[in-house]
Amino acid sequence: MNREVRVRFAPSPTGPLHIGGVRTALYNYLFARRHGGKMILRIEDTDSQRFVPGAEEYIIESLKWCGIEIDEGVGVGGPHAPYRQSERREIYLKYAKQLVEAGWAYYAFDTPEELDTLRKEAEEAGKTFAYNYEVRQKLPTSLSLSAEDVEARIARGDQWVVRFKMPENEVVKMDDLIRGHVEVNTSTLDDKVLYKSADALPTYHLANIVDDHLMEVSHVIRGEEWLPSLPLHYLLYRAFGWTDTQPEFAHLPLLLKPTGSGKLSKRDGDKMGFPVFPLFWTSPTGETARGYREDGYLPEAFINMLSLLGWNPGNDEEIFSMQELIDLFSLERVSKSGARFQPDKAKWFNAQYMHKLSDEELAPIAQPIYKAHGVETTDELAGKAAGIMKERMTLTTDIWELTSFFFVAPTEYEEKLTKKQWKGDNPAMLAKLRGVLEGIDDFSKENTEAVVRAWIEAEGYALGQVMNTLRLALVGAGKGPGMFDVTEFIGKAECLKRIDNLMANVTPAE
Ligand code: GLU
């Protein structure tokens, strides 16, 4: 690549960032890092009607959680600041006028009523209405009005828009790094609005092209839904005379529903019980949507899962760190066809990452969960408790359910286990075991196990019988790790207390 790689993630703050958007940001980031380039975050907020307060903050927090770093942009600054389009509004009018002067665009003064009449006419004639070369002749525009008339209308404050004058019957030839060569005839396209006097703001198309040019963007990597805009974007580069530095384009495949048909939506997530947003979201009107973070996913697992929805490394490997993805990523390995989202696969990835965490890495994840349940403990013990049980965890939200007994003595006892164990000789046996445990000084797992096993053998008890009765006392249920992991963790005093609790509070069956 002979040009400095500069890519941008350019979301519109219209709500929470969909995971498809996160994937777009991720692929941009991987591409930038792979080629030693820059990753820009530009906020495209020129559509005031669709602006949602809080969405920008949500986008920034999501990228941070995912580990997608921004080199230039909103929240970071950089040589092309500001990076929020609403703060760049003075820039765009000049460019809109430049296009009008060069004959590539025109002022249009039509009212909604005038457009409606033409729309109805078209429908009656059995045609679909499009604001194009045929229609623009019939409306008050700078193409049909005299220059004086146009000036007078603008001067007296009539509302106007600038529209692109889409050429008639010309084939636009385009190249996409994923889709290859694409051709479109301009007669199928309409005259898009580029600028609106009503709010003195450009539309997406104008602002996007002007900013990509000014910010020296080398590659535009974005969702497939923008492919239909590509002919217009090509023509805008030509109209401005910027084709020499025009970026290369790559349109990413859609994220599909788990069934494989149609775009993945929030409704699919609600129906099947999985999030389609990275973080929990509360809208200004109080509606909420669940997020991967709050549902107990690790960002590394989430990113790994997303990376493979539309890209493949060329072999069967599935587990990749961010650095490995950076080293391997290429647009050539992005597929043309949509990528089916599989909620179970997302869980599988998370489980793989949970199982690999060290106690030190688990501690900061487990601590807030313990705190929320009123448990105060050291980081060391938090990490150790979660570490003993991590192999059985899928999500971080499993931590409490699987490890609470390390910190909280049972107050209830599982019925089935109680019926089976708390009868016959077992209460007397447990009383004796209590004495044995009380006599042990070195309460380490290994020593306790050796002492207790020797005692079981000498007494002639069945091992399972003893262990299950002890488990009933210490855990209250037939779950948990090996018994001596529990005894070591909770310590002698707590062991004796829990045995006493069972004996005092539960009457044996016979
Ligand atoms: N603002 C557009 C969006 O919300 C950006 C599209 C593009 O990357 O050109 O997706």
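As a reminder, the structure under discussion sits directly above these lines.
Cut-offs and rules
- Residues numbered from 1 in each chain as written.
- Predicted model: local features only at pLDDT ≥ 70, side-chain atom pairs only at ≥ 80, totals over all residues.
- Heavy atoms only, no water.
- Pairing = 2+ DSSP bridges.
- Helix = DSSP H or I, 4+ residues; strand = E, 2+ residues; numbered from the N terminus.
- Expected span 1.5 Å × (residues − 1).
- Buried < 20%, exposed > 50% of the residue type's maximum accessible area, 1.4 Å probe, protein only.
- Contact = heavy atoms within 4.5 Å.
- Axes fitted to C-alpha atoms, helices over the stretch in contact; angles between N-to-C directions.
- Parallel < 35°, antiparallel > 145°, perpendicular 65-115°, else oblique.
- Left-handed = near helix turned anticlockwise from the far one by under 90°.
- Nonpolar A, V, L, I, M, F, W, Y, C, P; charged D, E, K, R; others polar.
- Near = heavy atom within 4 Å.
- Polar contact = N/O pair within 3.5 Å; in protein donor to acceptor, adjacent residues only side chain to side chain.
- Areas by Shrake-Rupley, 256 points an atom, 1.4 Å probe, with all protein chains shown as cover.

### Here's the deal with the sheet that holds strand β5 (residues 161–164)
Here comes step 1: Overall, antiparallel pairing links the 4 strands, which are arranged β4-β5-β8-β9 in an open sheet. Each end of this open sheet is capped by a strand with a single partner; those strands are β4 (105–108) and β9 (201–202).
Here comes step 2: In this structure, strand β8 (residues 193–196) lies alongside β9, joined through 2 bridges in antiparallel fashion. Residue pairing for β9: tyrosine 195 is matched across the bridge by proline 202.

### Some words on helix α2 (residues 55–66)
Here comes step 1: Here α2 spans 16 Å end to end across 12 residues, near enough to the 16 Å set by a 1.5 Å rise per residue.
Here comes step 2: Residues of α2 that are buried: Ala55, Glu56, Tyr58, Ile59, Ser62, Leu63, Trp65 and Cys66.
Here comes step 3: Against β1 (6–9), α1 (19–34), β2 (38–41), β13 (281–282), α9 (299–307) and α10 (322–328) lie the buried residues of α2.
Here comes step 4: Where α2 terminates, the next one or two residues include glycine 67, which has phi positive at roughly 80 degrees.

### A closer look at the packing of helix α16 (residues 426–438) against helix α19 (residues 483–505)
Here comes step 1: Close contact between α16 and α19 brings their axes to 10 Å; oriented N to C, the two are set at 160 degrees. In terms of axis orientation, α16 runs roughly antiparallel to α19. Crossing angle aside, the handedness with which α16 passes α19 is left-handed. Contacts between α16 and α19 involve Pro427, Leu430, Ala431, Arg434, Leu437 and Glu438 from the first element and Lys492, Leu496, Ile499, Asp500, Leu502 and Met503 from the second.
Here comes step 2: Taken together, the residues of the contact of α16 with α19 sort by class into 8 nonpolar, no polar and 4 charged.

### A closer look at the site of the ligand
Here comes step 1: The environment of the ligand is formed by Arg8, Ala10, Pro11, Ser12, Glu44, Tyr204, Asn208, Arg222 and Trp226.
Here comes step 2: Within the contact set of the ligand, a nitrogen atom lies 2.6 Å away from a side-chain nitrogen or oxygen of glutamate 44.
Here comes step 3: Interatomic distance of 3.1 Å between a side-chain N/O atom of asparagine 208 and an oxygen atom of the ligand.
Here comes step 4: Look at the ligand: alone it shows 300 Å² of surface, and the protein chains cover 85% of it.
Here comes step 5: Residues that form the shell around the ligand fall into these classes: 4 nonpolar, 2 polar and 3 charged.

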